[in-house]
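The primary structure of each chain is shown beneath.
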Amino acid sequence: MSQALRARQRRSEDTPLKRKEGNAMSLLDIRKIVAQLEETLTENGRPVSPPSRKITMAAVIKNPYAGQYVEDLTPLYDLGAEVSKILAERGVALLGVKPDDIQNYGKGAIIGTMGEIEHSAALLHPRFGAPVRVAVGSGKDIIPGTKKVGAPGSSITMPLTNKNNIWDFDHMDSTEITIPDAPRPDEIVIAVCLGIGGRPLHRIGK
(Lines give C-alpha, C1' and ligand atoms only; values in the text may rest on other atoms or scores of the structure.)
Protein backbone atom coordinates (compact mmCIF):
# COMPACT_ATOMS: atom_id res chain seq x y z
CA MET A 1 0.00 0.00 0.00
CA SER A 2 1.51 3.35 -1.03
CA GLN A 3 2.16 6.15 1.45
CA ALA A 4 -0.28 8.39 -0.42
CA LEU A 5 -3.07 5.78 -0.32
CA ARG A 6 -2.54 5.16 3.38
CA ALA A 7 -2.71 8.89 4.05
CA ARG A 8 -5.95 9.23 2.07
CA GLN A 9 -7.53 6.30 3.93
CA ARG A 10 -6.59 7.75 7.29
CA ARG A 11 -7.90 11.20 6.36
CA SER A 12 -11.18 9.58 5.27
CA GLU A 13 -11.78 7.76 8.55
CA ASP A 14 -10.78 10.84 10.55
CA THR A 15 -13.27 13.24 8.94
CA PRO A 16 -14.16 15.66 11.74
CA LEU A 17 -17.58 15.30 13.26
CA LYS A 18 -20.01 17.96 12.11
CA ARG A 19 -22.07 19.81 14.68
CA LYS A 20 -25.60 18.47 14.74
CA GLU A 21 -28.25 21.00 13.86
CA GLY A 22 -31.08 21.69 16.31
CA ASN A 23 -31.91 18.86 18.69
CA ALA A 24 -31.09 15.95 16.40
CA MET A 25 -31.31 12.69 18.32
CA SER A 26 -28.54 10.12 18.37
CA LEU A 27 -29.20 6.92 16.42
CA LEU A 28 -27.28 4.87 18.98
CA ASP A 29 -29.39 2.11 20.56
CA ILE A 30 -27.19 -0.45 22.36
CA ARG A 31 -28.65 -3.78 23.49
CA LYS A 32 -25.45 -5.09 25.06
CA ILE A 33 -21.70 -4.62 25.21
CA VAL A 34 -19.41 -7.67 25.24
CA ALA A 35 -15.79 -7.53 26.40
CA GLN A 36 -13.38 -10.34 25.46
CA LEU A 37 -9.94 -10.21 27.08
CA GLU A 38 -7.16 -12.53 25.91
CA GLU A 39 -3.90 -12.76 27.83
CA THR A 40 -1.22 -15.22 26.69
CA LEU A 41 1.17 -16.25 29.48
CA THR A 42 2.97 -19.16 27.80
CA GLU A 43 3.37 -20.27 24.20
CA ASN A 44 4.93 -23.50 22.96
CA GLY A 45 6.19 -24.25 26.46
CA ARG A 46 7.90 -20.88 26.84
CA PRO A 47 6.87 -17.99 29.10
CA VAL A 48 5.57 -14.85 27.43
CA SER A 49 6.93 -12.00 29.51
CA PRO A 50 5.38 -9.55 29.64
CA PRO A 51 2.17 -11.32 28.61
CA SER A 52 0.65 -10.59 25.23
CA ARG A 53 -2.73 -8.97 25.80
CA LYS A 54 -5.60 -7.99 23.53
CA ILE A 55 -9.17 -6.97 24.17
CA THR A 56 -12.14 -6.97 21.85
CA MET A 57 -14.96 -4.62 22.78
CA ALA A 58 -18.16 -5.30 20.85
CA ALA A 59 -21.49 -3.51 20.95
CA VAL A 60 -24.75 -4.98 19.73
CA ILE A 61 -26.67 -2.03 18.32
CA LYS A 62 -29.95 -1.48 16.51
CA ASN A 63 -29.60 -0.99 12.76
CA PRO A 64 -31.69 2.11 12.05
CA TYR A 65 -31.92 1.20 8.36
CA ALA A 66 -32.72 -2.51 8.67
CA GLY A 67 -35.21 -3.74 6.09
CA GLN A 68 -35.10 -0.63 3.92
CA TYR A 69 -32.97 0.99 1.26
CA VAL A 70 -31.69 4.43 2.27
CA GLU A 71 -29.69 6.43 -0.25
CA ASP A 72 -28.02 8.84 2.19
CA LEU A 73 -26.09 6.91 4.83
CA THR A 74 -24.27 9.90 6.32
CA PRO A 75 -26.13 9.63 9.67
CA LEU A 76 -24.31 6.33 10.15
CA TYR A 77 -20.99 8.21 10.05
CA ASP A 78 -21.77 9.90 13.36
CA LEU A 79 -23.17 6.66 14.77
CA GLY A 80 -19.87 4.93 14.02
CA ALA A 81 -17.92 7.65 15.81
CA GLU A 82 -20.26 7.57 18.77
CA VAL A 83 -19.96 3.83 19.34
CA SER A 84 -16.21 3.68 18.64
CA LYS A 85 -15.56 6.24 21.38
CA ILE A 86 -17.50 4.19 23.91
CA LEU A 87 -15.82 0.92 22.98
CA ALA A 88 -12.26 2.25 22.75
CA GLU A 89 -12.45 4.10 26.07
CA ARG A 90 -13.90 1.06 27.83
CA GLY A 91 -11.28 -1.18 26.26
CA VAL A 92 -8.41 0.93 27.55
CA ALA A 93 -10.03 1.06 30.99
CA LEU A 94 -10.51 -2.71 31.17
CA LEU A 95 -6.90 -3.31 30.15
CA GLY A 96 -5.93 -1.06 33.06
CA VAL A 97 -3.21 0.78 31.14
CA LYS A 98 -2.43 4.29 29.96
CA PRO A 99 -3.69 5.17 26.47
CA ASP A 100 -0.14 5.39 25.11
CA ASP A 101 0.52 1.80 26.21
CA ILE A 102 -1.84 0.47 23.53
CA GLN A 103 0.28 -0.70 20.60
CA ASN A 104 -2.06 -2.15 17.99
CA TYR A 105 -5.68 -1.85 16.99
CA GLY A 106 -8.38 -3.12 14.67
CA LYS A 107 -12.11 -2.99 14.02
CA GLY A 108 -14.97 -4.93 12.47
CA ALA A 109 -18.71 -5.25 12.04
CA ILE A 110 -21.31 -7.93 11.40
CA ILE A 111 -24.52 -6.65 9.86
CA GLY A 112 -27.72 -8.57 10.60
CA THR A 113 -29.52 -10.10 7.64
CA MET A 114 -32.04 -7.26 7.28
CA GLY A 115 -29.17 -4.87 6.63
CA GLU A 116 -26.57 -4.53 3.90
CA ILE A 117 -22.80 -4.56 3.77
CA GLU A 118 -22.73 -0.84 2.90
CA HIS A 119 -24.11 -0.09 6.35
CA SER A 120 -20.88 -1.44 7.85
CA ALA A 121 -18.79 0.69 5.51
CA ALA A 122 -20.67 3.82 6.59
CA LEU A 123 -20.11 2.93 10.24
CA LEU A 124 -16.46 1.87 10.07
CA HIS A 125 -14.78 4.21 7.62
CA PRO A 126 -15.66 7.92 7.50
CA ARG A 127 -15.55 8.92 11.21
CA PHE A 128 -14.90 5.78 13.25
CA GLY A 129 -11.15 6.28 13.60
CA ALA A 130 -10.72 9.66 15.27
CA PRO A 131 -12.33 8.75 18.64
CA VAL A 132 -10.28 5.54 18.77
CA ARG A 133 -7.05 7.48 18.24
CA VAL A 134 -7.97 9.89 21.02
CA ALA A 135 -8.67 6.96 23.35
CA VAL A 136 -5.31 5.29 22.64
CA GLY A 137 -3.23 8.46 22.73
CA SER A 138 -2.16 8.49 19.10
CA GLY A 139 -2.46 6.49 15.91
CA LYS A 140 -0.51 7.52 12.85
CA ASP A 141 -1.63 4.65 10.66
CA ILE A 142 -4.96 3.30 9.45
CA ILE A 143 -7.13 1.04 11.61
CA PRO A 144 -7.51 -2.27 9.74
CA GLY A 145 -10.91 -3.90 9.70
CA THR A 146 -13.27 -6.48 8.30
CA LYS A 147 -16.99 -6.62 7.68
CA LYS A 148 -19.69 -9.12 6.78
CA VAL A 149 -23.41 -9.86 6.84
CA GLY A 150 -24.36 -12.67 9.19
CA ALA A 151 -26.92 -14.31 11.47
CA PRO A 152 -26.82 -14.67 15.29
CA GLY A 153 -23.74 -16.57 16.36
CA SER A 154 -21.70 -15.50 13.34
CA SER A 155 -18.02 -15.04 14.10
CA ILE A 156 -15.76 -12.36 12.73
CA THR A 157 -11.96 -12.35 12.58
CA MET A 158 -10.38 -8.91 12.73
CA PRO A 159 -6.79 -7.90 11.98
CA LEU A 160 -4.69 -5.83 14.36
CA THR A 161 -1.72 -3.75 13.28
CA ASN A 162 0.61 -1.32 15.03
CA LYS A 163 -1.18 1.99 15.55
CA ASN A 164 1.81 4.03 14.36
CA ASN A 165 3.36 1.71 11.77
CA ILE A 166 1.24 -0.77 9.85
CA TRP A 167 4.44 -2.46 8.61
CA ASP A 168 5.60 -3.44 12.11
CA PHE A 169 5.49 -7.22 11.55
CA ASP A 170 5.61 -8.12 15.25
CA HIS A 171 2.25 -6.44 15.83
CA MET A 172 0.44 -7.94 12.86
CA ASP A 173 -2.11 -10.10 14.63
CA SER A 174 -5.81 -10.95 14.68
CA THR A 175 -8.65 -11.65 17.07
CA GLU A 176 -12.03 -13.29 16.71
CA ILE A 177 -15.35 -12.82 18.47
CA THR A 178 -18.70 -14.59 18.43
CA ILE A 179 -21.83 -13.46 20.25
CA PRO A 180 -24.37 -16.32 20.37
CA ASP A 181 -27.50 -14.16 20.17
CA ALA A 182 -26.24 -11.42 17.87
CA PRO A 183 -26.64 -9.88 15.46
CA ARG A 184 -30.38 -10.36 15.19
CA PRO A 185 -31.71 -9.48 11.72
CA ASP A 186 -32.23 -5.81 12.62
CA GLU A 187 -28.97 -5.44 14.58
CA ILE A 188 -25.28 -4.82 14.05
CA VAL A 189 -22.30 -6.15 16.00
CA ILE A 190 -19.57 -3.53 15.87
CA ALA A 191 -16.17 -3.99 17.51
CA VAL A 192 -12.94 -2.27 18.47
CA CYS A 193 -9.85 -4.40 19.15
CA LEU A 194 -6.82 -3.19 21.12
CA GLY A 195 -3.57 -4.96 21.86
CA ILE A 196 -0.34 -4.78 23.86
CA GLY A 197 2.78 -6.83 23.24
CA GLY A 198 2.14 -8.08 19.73
CA ARG A 199 2.01 -11.79 18.92
CA PRO A 200 3.33 -14.10 21.65
CA LEU A 201 7.06 -14.82 21.14
CA HIS A 202 7.21 -12.66 18.00
CA ARG A 203 10.65 -12.80 16.41
CA ILE A 204 10.53 -12.01 12.70
CA GLY A 205 11.53 -8.35 13.01
CA LYS A 206 10.34 -5.34 11.07
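Residues numbered from 1 in each chain as written. Predicted model: local features only at pLDDT ≥ 70, side-chain atom pairs only at ≥ 80, totals over all residues. Heavy atoms only, no water.

Side note on the packing of helix 2 (residues 74-95) against helix 3 (residues 117-124)
Stage number 1. Where helix 2 meets helix 3, the closest approach of the two axes is 6 Å, and the angle between their N-to-C directions is 60°. Overall, the two elements helix 2 and helix 3 adopt an arrangement that is oblique. Helix-helix and strand crossings are classified by hand; for helix 2 and helix 3 the assignment is right-handed. Where helix 2 abuts helix 3, its residues Leu 76, Tyr 77, Leu 79 and Gly 80 lie against His 119, Ala 122 and Leu 123.
Stage number 2. Within the contact of helix 2 with helix 3, the residues separate by chemical class into five nonpolar, two polar and no charged. (Axes fitted to C-alpha atoms, helices over the stretch in contact; angles between N-to-C directions. Helix = DSSP H or I, 4+ residues; strand = E, 2+ residues; numbered from the N terminus. Parallel < 35°, antiparallel > 145°, perpendicular 65-115°, else oblique. Left-handed = near helix turned anticlockwise from the far one by under 90°. Contact = heavy atoms within 4.5 Å. Nonpolar A, V, L, I, M, F, W, Y, C, P; charged D, E, K, R; others polar.)

What about the pattern of salt bridges?
Stage number 1. Here the structure, examined in full by the defined rule, presents nine salt bridges.
Stage number 2. In this structure, Glu 39 and Arg 53 form a salt bridge, with 3.6 Å as the shortest nitrogen-oxygen distance. Of this pair, Glu 39 sits in strand 1 (residues 30-43) while Arg 53 is found in strand 2 (residues 46-62), placing the two residues 14 residues apart along the sequence.
Stage number 3. When the shortest N-O distance is used, the salt bridge between Lys 85 and Glu 89 registers 2.9 Å. Taken as a pair, Lys 85 and Glu 89 lie in helix 2 at a separation of four residues, close to a single helical turn.
Stage number 4. Residue classification places Lys 85 among the partly exposed positions, given a relative accessible area of 43%.
Stage number 5. One network of salt bridges, with partners in common, ties together Arg 31, Lys 32, Asp 181, Arg 184 and Glu 187. (Salt bridge = Lys/Arg side-chain N within 4 Å of Asp/Glu carboxyl O. Buried < 20%, exposed > 50% of the residue type's maximum accessible area, 1.4 Å probe, protein only.)

Comments concerning a nonpolar patch on the surface
Stage number 1. Where nonpolar side chains cluster on the molecular surface, the patch consists of Trp 167, Phe 169 and Ile 204 and spans about 310 Å² of accessible area.
Stage number 2. Looking at where Ile 204 falls in the secondary structure, it is placed in the segment after strand 7 (187-196).
Stage number 3. Classification of Ile 204 by relative accessible area gives exposed; the value is 59%. (Patch = residues over 30% accessible without salt bridge, like charges linked within 9 Å, V, L, I, M, F, W, Y side chains within 5 Å. Areas by Shrake-Rupley, 256 points an atom, 1.4 Å probe, with all protein chains shown as cover.)

On their own, these measurements won't tell you what the molecule is for.
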